[in-house]
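Summary of the model geometry
Residues per chain are reported as follows:
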Amino acid sequence: MLELVNLCKAFGQRVVADHLSLTVADGETLALLGPSGCGKSTLLKMIAGLERPDAGQIRLGGVDLTALAPEARQVALMFQDFALFPHLDVRDNVAFGLIERRLPRREAYARAERALAELGLAGYGARRVWTLSGGEQQRVALARALVTSPRLLLLDEPFSSLDAHLRQSLQAEFRRRLAAAHIPAILVTHDRAEAFALADRVAVLQQGKVVQCGRPQELLAAPRNAWVASFIGYHN
Ligand code: ADP
Ligand code: MG
């Protein structure tokens, strides 16, 4: 279980985490929903160890991560633009993190092939990244995130660059894969439909604060204030 306790972070005058506390249970998907610039990506970076909080604690399975290096956290982060390596083929992209962790190449490739097959990409290993469609690249990025068996998956607007039709089919696939892998996940999005479709619980963020956190039905039935109501499209 992930626990964020009183996290604080500011860039100069700009506060992006304001005594922020949240938990994610085992196997749960939590969506972070909030307007652009409210601090969603920074929060994921702090959990992954790419940004340092000014104060507060990040615990995973009871262990304080704050002092651990990013590689030691067993947390996988999948960015918005998924950042595959264009000079590597699909198999090497997926196996990259395993080879970096000094797994023998043969075993790393076998695990990469398995992860690809689970996402419907059997036979794609030797393909160059630039020959893939956006949706295929997205699934390669998810395979790369899952192949290291992370204890927590962080997804930063993973569908925002895709067209509406592809977004819907990939969302369903992600939900199935995450449920099957039973890995807790945080999904960052500014799209309320995506948050409500994919997450067990939704945390609505505004300027580094959790304004409301609950199940989708709870938020829709009883938004805490007028801002939450309008942000989640309560009046639609
Ligand atoms: P979101 O993902 O919710 O859109 P971010 O967490 O990316 O928001 O950014 C929140 C605010 O912090 C933005 O104003 C952004 O410009 C600023 N910010 C993010 N990272 C840095 C950084 N490393 N240095 C200075 N300002 C930053
Ligand atoms: Mg962001």
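Each chain has its residues counted from 1, following the order in which its sequence is written. All chains are assigned letters beginning at A, and all ligands numbers beginning at 1, according to the order in which they are written. In view of the model being predicted, local features appear only for residues whose pLDDT reaches at least 70, and side-chain atom pairs are presented and counted only at 80 or more, with totals across whole chains, interfaces and linings using the full set of residues.

As recorded in an unreviewed UniProt entry, the chain goes by ABC transporter related protein and comes from Pseudogulbenkiania ferrooxidans 2002.

1. Section: the overall build of the chain
Note on conventions: DSSP H or I runs of at least 4 residues are helices, E runs of at least 2 residues are strands, and numbering of each starts at the N terminus. Secondary structure summary: the chain contains eight helices and 10 strands in total. Here the chain holds 236 residues, and the buried ones make up 38% of them. A residue pair is marked as a contact if its C-beta atoms, positioned from the backbone, fall within 7 Å. Intrachain contacts of the chain at a sequence separation of at least 6 include 65% that bridge at least 24 residues. The burial label depends on the number of other C-beta atoms within 10 Å of a residue's C-beta. Counts of 20 or more mean buried, 12 or fewer mean exposed, and intermediate counts mean partly exposed, with C-beta atoms placed from the backbone.

2. Some words on the nonpolar core
If you look at the biggest cluster of nonpolar residues, it comprises 64 residues, and the most contacted ones within it are A31, L32, V94, L116, A143, L154 and I186. In this structure, L154 is in contact with L44, I47, A48, V75, A76, L77, M78 and I186, ignoring residues within four places of it in sequence. Here, a nonpolar core means buried Ala, Val, Leu, Ile, Met, Phe, Trp, Tyr and Cys residues linked by C-beta atoms lying within 7 Å of one another.

3. Details of the pairing of strand 6 (residues 75-78)
The alternating pattern of strand 6 places V75 and L77 and A76 and M78 on opposite faces, both of which are buried. Bridge count for strand 6 against strand 7 (residues 152-156) is four bridges, and the pairing is parallel. Its bridge partner lying in strand 7, A76 is registered against L153. Think of it this way: DSSP has to see at least two bridges between two strands before they count as a pair.

4. A short note on unusual backbone geometry
Of note in this structure, N6 is not a glycine but carries a positive phi near 55°. If you trace the backbone, N6 turns up in strand 1 (residues 2-11). A positive phi angle, near 55°, is found at H182, a position not held by glycine. Tracing the backbone through its elements, the reader meets H182 in the loop between helix 5 (164-181) and strand 8 (185-189).

5. Comments concerning the site of ligand 1
With respect to spatial proximity, the complete set of residues near ligand 1 consists of F11, R14, V16, G34, S36, G37, C38, G39, K40, S41 and T42. For the shell around ligand 1, the elements supplying multiple residues, two or more each, are strand 2 (14-24) and helix 1 (40-48). Of the residues forming the shell around ligand 1, the biggest block, three residues, is contributed by helix 1. Amino acids outside the nonpolar list (Ala, Val, Leu, Ile, Met, Phe, Trp, Tyr, Cys, Pro) and the charged list (Asp, Glu, Lys, Arg) are all regarded as polar, and Gly is one of them. When grouped by side-chain class, the residues that make up the shell around ligand 1 number three nonpolar, six polar and two charged. Using a C-beta atom placed from the backbone, a residue is described as near a molecule or strand when that atom lies within 6 Å of it.

6. Structural notes on the sheet that holds strand 2
Strand order in this open sheet of four strands is 2-1-4-5, and the pairing throughout is antiparallel. Looking at the sheet topology across the chains shown, the edges are occupied by strand 2 and strand 5 (63-64). Here strand 1 pairs with strand 2 via seven bridges, running antiparallel. Within the sheet, the bridge partner assigned to L7 lies in strand 2 and is L20.

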